[in-house]
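Topology and contacts: notes
Chain by chain, the residues:
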Amino acid sequence: MTPWEVYALKYADRNARIRADSFLFEDTHDAPHPMDYFMWLLRRGDQTILVDTGYDQSEAQARGRPIRLDPGAALRPFGLQPADIDHIIVTHLHYDHAGGLHLFPNARLHMQAAEMAYATGPCMCHDTLRMPFTAGHICEAVQRLYSGKVTFYDGEAQLSEGLTVHCIGGHSRGLQAVRVQTQAGWLVLASDAAHFYENVFERKPFPIVVDLQDMLEGFEKLHSLASSPGLIVPGHDPLVTTYYPQGADKHIWRLDHGPKTPIGY
Ligand SMILES: [Zn+2]
Ligand SMILES: [Zn+2]
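Structural notes, computed from the coordinates. (Residues numbered from 1 in each chain as written. Chains lettered and ligands numbered in written order. Predicted model: local features only at pLDDT ≥ 70, side-chain atom pairs only at ≥ 80, totals over all residues. Heavy atoms only, no water.)

Some words on the coordination of the zinc ion (ligand 2)
Looking at the zinc ion (ligand 2), one finds its protein donor set to be Asp96 (OD), His97 (NE2), Asp192 (OD) and His236 (NE2), positioned 2.1 to 2.2 Å from the metal centre. Around the zinc ion (ligand 2) sit 4 donor atoms; with metal-centred angles ranging over 88 to 152 degrees, the donor geometry is irregular. In this structure, the zinc ion (ligand 2) lies 3.6 Å away from the zinc ion (ligand 1), the two metals sharing Asp192 as a donor. Taken together, the residues His97 in helix 2 (residues 95-98) and Asp192 in the loop between strand 10 (185-191) and helix 6 (197-201) connect sequence positions 95 residues apart. Just as His97 is buried, Asp192 falls in that class too. (Donors = N, O, S within 2.8 Å, 3.2 Å for Na, K, Ca; no water. Tetrahedral: all angles 85-135°; square planar, octahedral: opposite > 155°, others 65-115°. Helix = DSSP H or I, 4+ residues; strand = E, 2+ residues; numbered from the N terminus. Buried < 20%, exposed > 50% of the residue type's maximum accessible area, 1.4 Å probe, protein only.)

Here it is as structure tokens:
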């Protein structure tokens, strides 16, 4: 089988954070702990699949969290326009992953049924659980559903040869990790099943959590899915940009050859 190429595209970062924002039960809670924001691109032959969409300028202003790059423009170095994207794996519907869905109008969305149910169900009556979602992004997913362009999964599914999704929950009810066969082995895009290496390597829960047991079991799941621990790619860790080689542009990192150096966060 021809292995997949996998790229991380960084579109934003946020430095005014502390460790208490990243780890429950953290002792050194005041120490700085910056976060990067990524979307991911999978390519094999004539297949191109986007994993998550980032968020746009209006969301950046609404949340006071600036972006460095428009998610649509992030694909230009690959010779891709937003309209070229036919398939998007939506790892979950939080604002920083589903906030650019409207920028890719032709795409079919691949997501867990549990995530749509969660984002449109009674849990959203609670301010705290609703906080990472934005209504317009959820409405965009519902519009896509009513256009016949959503494929739902329930747990694990194979989307293509060497490409599977795995519901992990924990951080959001229907979060799915993406497992891709690369020349370095099975690589796992954890998305927010592990924001940082430290979450998944030290089994430290992230504070935005809907089910702590699911999150902790998700860390084990990520380890079981990857060919080696170094091929687990956390969703928001700035260290990804030092472990992996730079791609064709300064916001792109190539993941499918594996990390350049052993992971020792
Ligand atoms: Zn999230
Ligand atoms: Zn996120």
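Brief notes about the sheet that holds strand 11 (residues 232-234)
Here we have 5 strands laid out as an open sheet, ordered 7-8-9-10-11, and mixed in their pairing. Both outer strands of the open sheet, strand 7 (156-160) and strand 11, are each paired with one neighbouring strand and no more. Here the average twist between neighbouring strands, direction ignored, is 25 degrees. Bridge count between strand 8 (residues 163-167) and strand 9 (residues 176-182): 5 bridges; the pairing is antiparallel. Across the sheet, residue Val165 finds its bridge partner in strand 9, namely Val178. Lying on the sheet, helix 7 (residues 212-225) is in contact with strand 7, strand 8, strand 9, strand 10 and strand 11; it crosses strand 10 at an angle near 155 degrees. (Pairing = 2+ DSSP bridges. Axes fitted to C-alpha atoms, helices over the stretch in contact; angles between N-to-C directions. Contact = heavy atoms within 4.5 Å.)

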